[in-house]
Amino acid sequence: MSAPSGRQPTRRGALGMIVRIAGAVGLGAAVASIGRWAGGPAAASTTAQREVWQLDPHKCIQCGRCATACVLTPSAVKCVHAYAMCGYCELCTGYFPPDPYDLTTAAENQLCPTGAIQRSYIEDPYYEYIIDEKLCIGCGKCVKGCAAFGNGSLFMQVRHDLCLNCNQCAIAAACPAGAYRRVSAAHPYLLKDRSENAKESPQ
Ligand code: SF4
Ligand code: SF4
Ligand code: SF4
């Protein structure tokens, strides 16, 4: 596949983009955290409530219940992407199902049931994968595919700009892996990075 005409990204440009996007993800988490306490759906919680629910991406086995057990529809759980870990693979096993018909963006070649992952050409042989959170239902299919054959850069998180912070999280009660726990509201995300250890989000 060739790059769109008039748009020939270089490896250097791609790396610059990677840094920008990684920064945007970190900012997004921070913004989400601020929104969570400053007027998001869970604003009814008082500031005395200093813990929120989060899932540990290293314990998650992608059973699918994050999509179906949340009291919200669609779920407050969304897929996020650790760009620093991604291989920018042409054959992304988080994007394509096993034995895809073709390595194109045609709907029949996509693993995601809602088409929430955008695939774009960077530079031969690199492709970028961006999650559209509005479309993501938190099913974890892409996470499972990425973990099976890729670098494990796709993972899921409870988004605190959406989560109601229920006293007993319905997903935590249903989770077969015990992946949910209460974390400090000051560090509400358990992020993955190159070291592949889930880390609490920076303040
Ligand atoms: S319920 Fe638990 S194991 Fe299942 S997808 Fe959610 S975090 Fe992963
Ligand atoms: S496969 Fe599921 S978890 Fe991954 S982006 Fe699509 S809807 Fe979200
Ligand atoms: S705390 Fe409630 S809203 Fe948040 S993820 Fe769990 S069930 Fe969904």
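It should be noted that the structure appears before, not after, this text.
Student: I'm lost on the overall build of the chain in this one. Help?
Tutor: Along the backbone of the chain there are four helices and eight strands. Counting from the amino terminus, helix and strand elements in the chain follow one another as α-β-α-β-β-β-α-β-α-β-β-β. Sequence separation of at least 24 residues holds for 69% of the intrachain contacts in the chain that already meet a minimum separation of 6. With an accessible surface of roughly 10,400 Å², the chain has 57% of that area assigned to carbon and sulfur atoms.

Student: Can you walk me through the site of ligand 1 in this structure?
Tutor: Lining the immediate environment of ligand 1, one finds 13 residues, of which Cys-60, Ile-61, Cys-63, Cys-66 and Cys-175 sit closest. Tallied by class, the residues present in the shell around ligand 1 amount to 10 nonpolar, two polar and one charged.

Student: Sorry, what's going on with the pattern of salt bridges here?
Tutor: Side chains that differ in charge, positive against negative, can pair when their charged atoms come close. Going through the model one piece at a time under the given rule, you end up with four salt bridges. The salt bridge involving Asp-132 is made with Lys-134; its shortest N-O contact spans 3.3 Å. Residue classification places Asp-132 among the buried positions, given a relative accessible area of 17%. Three or more residues joined by partner-sharing salt bridges are found here, namely Glu-133, Arg-159 and Asp-161.

Student: For this particular structure, what's the right way to read the nonpolar core?
Tutor: General note: in soluble globular proteins, nonpolar side chains tend to be found buried as a group. Among the nonpolar cores identified, the biggest contains 32 residues, and Leu-55, Val-77 and Tyr-180 are the most heavily contacted of them. The set of elements that each furnish at least two residues to this core consists of strand E1 (51–55), strand E2 (77–81), strand E3 (117–123), strand E4 (126–131), helix H3 (141–149), strand E5 (154–158) and helix H4 (170–174). Those residues in contact with Val-77, other than ones at most four positions away along the chain, are Leu-55, Cys-66, Ile-137, Gly-138, Met-156, Gln-157, Val-158, Ile-171 and Tyr-180.

Student: I'm lost on H3 in this one. Help?
Tutor: An α-helical turn contains 3.6 residues, so any two residues separated by three or four positions project in the same direction. Within H3, burial applies to Cys-142, Val-143, Gly-145 and Cys-146. For H3, the angular spread of buried residues about the axis comes to 165°, placing them on one side. Elements in contact with the buried residues of H3: E2, E3 and E5.

Student: Which parts of the structure should I look at to understand the site of ligand 2?
Tutor: The environment of ligand 2 is formed by Cys-79, Cys-112, Pro-113, Thr-114, Ala-116, Ile-117, Cys-136, Ile-137, Gly-138, Cys-139, Gly-140 and Cys-142. Class assignment for the residues of the shell around ligand 2 results in nine nonpolar, three polar and no charged.

Student: What is the right way to look at the packing of aromatic side chains in this model?
Tutor: How two aromatic rings sit relative to each other is given by the distance of their centres and the angle of their planes. Following the criterion strictly, the structure yields three aromatic pairs and no others. Relative to Tyr-129, the ring of Tyr-95 lies with its centre 5.5 Å away and its plane at 50°, an arrangement referred to as tilted. Remark: Tyr-129 occurs in strand E4 and Tyr-95 occurs in the loop between E2 and E3; sequence separation between them is 34 residues. Both residues of the pair, Tyr-95 and Tyr-129, belong to the buried class.

Student: Can you walk me through the pairing of E4 in this structure?
Tutor: Looking along a regular strand, one sees the side chains alternate between the two faces of the sheet. One ladder, built from six bridges, connects E3 with E4; its direction is antiparallel. When the bridges of E4 are listed, Ser-120 appears paired with Glu-128. Between the antiparallel neighbours E3 and E4 lie two residues.

Student: Sorry if this is basic, but what is going on with the side chain of Ser-75 here?
Tutor: If you trace the backbone, Ser-75 turns up in the loop between helix H2 (65–68) and E2. A distance of 2.7 Å separates a polar atom in the side chain of Ser-75 from the backbone oxygen of Cys-66. Setting aside residues up to four positions removed in sequence, Ser-75 forms contacts with Cys-66, Ala-67, Cys-70, Ile-137 and Ile-171.

Student: I keep staring at the side chain of Arg-119 and nothing clicks. Help me out?
Tutor: For Arg-119, the position within the fold is in strand E3. In this structure Arg-119 is buried but unpaired, with Glu-90 as the nearest side chain of opposite charge at 5.0 Å. In this structure the side chain of Arg-119 is engaged in a polar contact, spanning 2.7 Å, whose partner is the backbone oxygen of Glu-90. Among the polar contacts made by the side chain of Arg-119, one reaches the side chain of Tyr-129 at a distance of 3.0 Å.

Reading guide: rules and limits
Residues numbered from 1 in each chain as written. Chains lettered and ligands numbered in written order. Predicted model: local features only at pLDDT ≥ 70, side-chain atom pairs only at ≥ 80, totals over all residues. Heavy atoms only, no water. Helix = DSSP H or I, 4+ residues; strand = E, 2+ residues; numbered from the N terminus. Contact = heavy atoms within 4.5 Å. Areas by Shrake-Rupley, 256 points an atom, 1.4 Å probe, with all protein chains shown as cover. Near = heavy atom within 4 Å. Nonpolar A, V, L, I, M, F, W, Y, C, P; charged D, E, K, R; others polar. Salt bridge = Lys/Arg side-chain N within 4 Å of Asp/Glu carboxyl O. Buried < 20%, exposed > 50% of the residue type's maximum accessible area, 1.4 Å probe, protein only. Core = buried A, V, L, I, M, F, W, Y, C linked by side-chain atoms within 4.5 Å. Arc of directions from axis to C-beta. Phe/Tyr/Trp six-rings, centres within 6.5 Å; stacked < 30°, edge-to-face > 60°. Pairing = 2+ DSSP bridges. Polar contact = N/O pair within 3.5 Å; in protein donor to acceptor, adjacent residues only side chain to side chain. Lys, Arg positive; Asp, Glu negative; His and termini not counted.

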